[in-house]
Amino acid sequence: MVFYCPKCNLEAIRKSGKIRVEKATRTNLQSFYFQSYRCMNNHLFIPNHNQSSFTNSFIEYVVALYLRSLSLNTVIQIVRVQFEKDVLSKETILTFIETVSDKLPTLDDIDNIYHPKRSGYLSFDGVWFKYRNKNFVLLICFDPKTFDVVEAKIETDETQAGYERLITEAVNKIGAVNVRGCYGDGDRGLIKALNHLLPHAPFQLCVFHKELRMGQVVPVKSVRFSRQLSPFQKHDIKVFQLLFREVIYAKTKDNSVKALEQLKKYCDKTQDERFLKAYRSLAYNFKYTLTHFDNLNMERDNNIIEGFNSIIKRRLKLLKGFKKPGNIEKYIKLILLDYRFHEFVASENKRRNGRTPLGLTGIILPEYYNFIKLLRESLKLDFTS
């Protein structure tokens, strides 16, 4: 077999012994020996070898550590203690993340490989993040029954057009005729997009989001320990909260409508601007909080998004470590893949504990501890080239 020098492209003229190359593996540093050659210009080289100092097992291990620790420095210190040697730098880890994300399949590829079953219900929300003083929003579409990600898009604003792009791609995956209902937090752009593209699909405005919004306006959490609120103010806040919850958690549609009227009367009586503002927020698009009464298979709230937000918002703060704008999408792709393969461990729904979002869609996966390794081995990927 003829080999050519990677430096001058001349044909190798003779073997020149074996070269020892030290590589980092999953557990330690190992020595590998490769046959070397010399060309006519006396260049020494190893044919078809990229001289990488890291194996696939080490690269996927480091990226998995980062996804769990969310800290470049922590990963460096863990590997330093394990190998008793300085092996990594922040730049190396960022290169690993970029390489692994490039090689791993996309969300669409995962769907085409595993064919997850969809419930027909879709849940939408937007997660805001900042990168280099610019605001972006990650628009997410979930299946609220399995918690699996159906589609995601990065946009510069939470608009009707952005949601229409997200909805179009999500619906293309499951088919418009299979959409049984939708959930959201009441964003105007989302509602307009749904009315335009899915006018016949029932839409439930998550009442949990309504209560969260109320808590941002009315200091219900401060009632117990605040010294600035008088006893009379605390009493009024407790009454308001009770009336508010009677609206959104009513057992029937009629009871909810009547409770809203009682809440309005109380707000008009107290004339507290905070109460009035929270009432107006609840009254706006109030009809969409009642959808579940006419669609018995739908829930009144869908707090999956809040659980996901708590995961992704912490990770999006780390984007400042990425120097290339194009790496934003690569990093978010990795986060979403990690989410789809991660096991629920503290879910209030015991049926979900010990299962992954993909597993809840009916997919049977082999036992694994690192989803990156699972995908690399099953798809025959190489992170070293």
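This report concerns the structure included in the present document. (Residues numbered from 1 in each chain as written. Predicted model: local features only at pLDDT ≥ 70, side-chain atom pairs only at ≥ 80, totals over all residues. Heavy atoms only, no water.)

Some remarks on the overall build of the chain
Put simply, the test is: Helix and strand definitions follow DSSP, with helices as H or I runs of at least four residues and strands as E runs of at least two, each counted in order from the N terminus. Restricting the calculation to C-alpha atoms gives the radius of gyration, and the globule rule supplies 2.2 Å times the number of residues raised to the power 0.38. Here's how the labels work: a residue is buried when its accessible area is under 20% of the maximum for its type, exposed when over 50%, partly exposed in between, all with a 1.4 Å probe on protein chains only. Per-residue accessibility takes into account occlusion by the displayed protein chains alone, with areas from the Shrake-Rupley method and a 1.4 Å probe. Charge counting treats Lys and Arg as positive and Asp and Glu as negative, with His and both chain ends excluded. Note on charges: their place is set at NZ of Lys, CZ of Arg, CG of Asp or CD of Glu.
A tally of regular secondary structure across the chain gives 15 helices and eight strands. Its C-alpha radius of gyration of 27 Å places the chain more than 25% over the 21 Å reference for a compact globule of 385 residues. Overall, the C-alpha framework of the chain stretches about 95 × 55 × 40 Å when taken along its three principal axes. Classification of the 385 residues of the chain by burial places 50% in the buried group. For the chain, the accessible surface area stands at approximately 20800 Å², while carbon and sulfur atoms represent 50% of it. In the chain, 61 positive and 41 negative side-chain charges are present, and the distance between their average locations comes to 4 Å.

Section: the pairing of strand β7 (residues 181–184)
Our working rule: At least two bridges found by DSSP between two strands is the condition for calling them paired. A clockwise course of the path from the first strand over the helix to the second, judged with the strands pointing away from the viewer, identifies a crossover as right-handed.
Residues Gly181 and Tyr183 point to one face of β7 and Cys182 and Gly184 to the other, with burial holding for every one of them. Here strand β4 (residues 121–131) runs beside β7; their pairing, made up of three bridges, is parallel. Considered in β7, the bridge of Leu122 is made with Cys182. Summarising the sheet, β7 and strand β8 (residues 203–205) pair through three bridges and their orientation is parallel. Pairing of Cys182 across the sheet is with Phe203, part of β8. Note on the crossover from β7 through helix α6 (residues 188–197) to β8: the handedness is right-handed.

So, the environment of Glu158
Rule in force here: Working rule for contacts: check all heavy atoms of both residues, and any pair within 4.5 Å makes them a contact. Two N or O atoms form a polar contact when they lie within 3.5 Å of each other; inside protein one atom must be a possible hydrogen donor and the other a possible acceptor, and for residues adjacent in sequence the pair counts only when both atoms belong to side chains.
Its location among the elements puts Glu158 in the loop between β6 (148–155) and α5 (160–174). Those residues in contact with Glu158 that lie beyond four places of it in its chain are Asp125, Gly126, Trp128, Val137, Leu139, Tyr163 and Asp187. A polar contact is formed between the side chain of Glu158 and the side chain of Trp128, at a distance of 3.1 Å. In terms of polar contacts, Glu158 uses its side chain to reach the side chain of Tyr163, at 2.7 Å.

Considerations on the nonpolar core
Applicable threshold: Definition used in this section: a nonpolar core is a set of buried Ala, Val, Leu, Ile, Met, Phe, Trp, Tyr and Cys residues joined via side-chain atoms within 4.5 Å.
The biggest cluster of nonpolar side chains holds 58 residues, and the ones touching the most others in it are Phe58, Val79, Leu88, Leu104 and Phe341. When residues in this core are grouped by element, the largest group, nine residues, is from helix α13 (residues 327–341). In this view, Phe341 contacts Ile110, Tyr114, Thr356, Leu358, Leu365, Tyr368, Phe371, Leu374 and Leu375; residues no more than four positions away in its chain are not counted. In terms of nonpolar packing, the next biggest core, distinct from the first, is built from 26 residues, Val218, Phe244, Ile248 and Phe275 among them.

A closer look at helix α9 (residues 253–270)
Rules: To estimate the expected span of a helix, subtract one from its residue number and multiply by 1.5 Å. Summarising the geometry, the arc corresponds to the directions from the helix axis toward the C-beta atoms.
In this model α9 runs 26 Å from its N-terminal to its C-terminal C-alpha over 18 residues, within 8% of the 26 Å that 1.5 Å per residue would give. Listing the buried residues of α9 in full gives Ser256, Ala259, Leu260, Leu263, Tyr266 and Cys267. Buried residues in α9, looked at end-on, bunch into an arc of 125°, giving them a common side. In α9, the exposed residues that point more than 90 degrees away from the buried face are Asp254, Lys258, Lys265 and Lys269. In this fold, the buried residues of α9 make contact with α8 (231–248), α10 (273–283) and α11 (291–294). Gln271, located one to two residues past α9, shows a positive phi value of around 55°.

A few points about helix α1 (residues 56–69)
For an α-helix, the turn length of 3.6 residues means that residues three or four places apart are oriented alike. Taking 1.5 Å per residue as the helical rise, α1 with its 14 residues ought to reach 20 Å, and the 20 Å between its terminal C-alpha atoms agrees with that figure. For α1, a buried count of 11 out of 14 residues is recorded, marking the element as mostly surrounded by other parts of the structure. For α1, the full list of buried residues reads Asn56, Phe58, Ile59, Glu60, Tyr61, Val62, Val63, Ala64, Leu65, Tyr66 and Leu67. Of the residues flanking the end of α1, it is Leu70, one or two places downstream, whose phi is positive at about 60°.

What to know about the pattern of salt bridges
This is how the line gets drawn: Any carboxyl oxygen of Asp or Glu within 4 Å of a side-chain nitrogen of Lys or Arg constitutes a salt bridge here.
A complete count under the given rule lists 20 salt bridges for this structure. Notably, a salt bridge pairs Lys330 with Glu98, separated by 3.2 Å at the nearest N-O pair. You can see Lys330 sitting in helix α13 and its partner Glu98 sitting in helix α3 (residues 90–103), a full 232 residues away along the chain. Three or more residues joined by partner-sharing salt bridges are found here, namely Asp108, Asp111, Arg118, Asp148, Glu151, Lys173 and Arg340.

Examining the packing of aromatic side chains
Centre-to-centre distance and the angle between the planes together describe a pair of aromatic rings. Here is the rule we go by: Each Phe, Tyr or Trp ring (for Trp, its six-membered ring) is paired with any other whose centre lies within 6.5 Å, and the angle between the two planes then decides the class: stacked below 30 degrees, edge-to-face above 60, tilted in between. Put simply, a charge is over a ring when the Lys NZ or the Arg CZ is close to the ring centre, within 6 Å, and near the line of the ring normal, within 35 degrees.
Summed over all chains, the structure comprises 17 aromatic pairs. Ring geometry for Tyr66 versus Tyr331: centroids 6.2 Å apart, planes at 55°, classification tilted. Of this pair, Tyr66 sits in helix α1 while Tyr331 sits in helix α13; the two residues are 265 residues apart in sequence, bridging distant segments of the chain. For Tyr66, a relative accessible area of 2% gives the class buried. The exposure class assigned to Tyr331 is buried, which follows from its relative accessible area of 1%. By way of ring pairs, the aromatic residues Phe54, Phe58, Phe83 and Phe96 are connected into one cluster. One Lys or Arg, Arg26, reaches over the ring of Tyr61 and ends 4.0 Å from the middle of that ring. Here the guanidinium or amino end of Lys145 rests over the ring plane of Tyr121, the centre of that ring lying 5.3 Å away.

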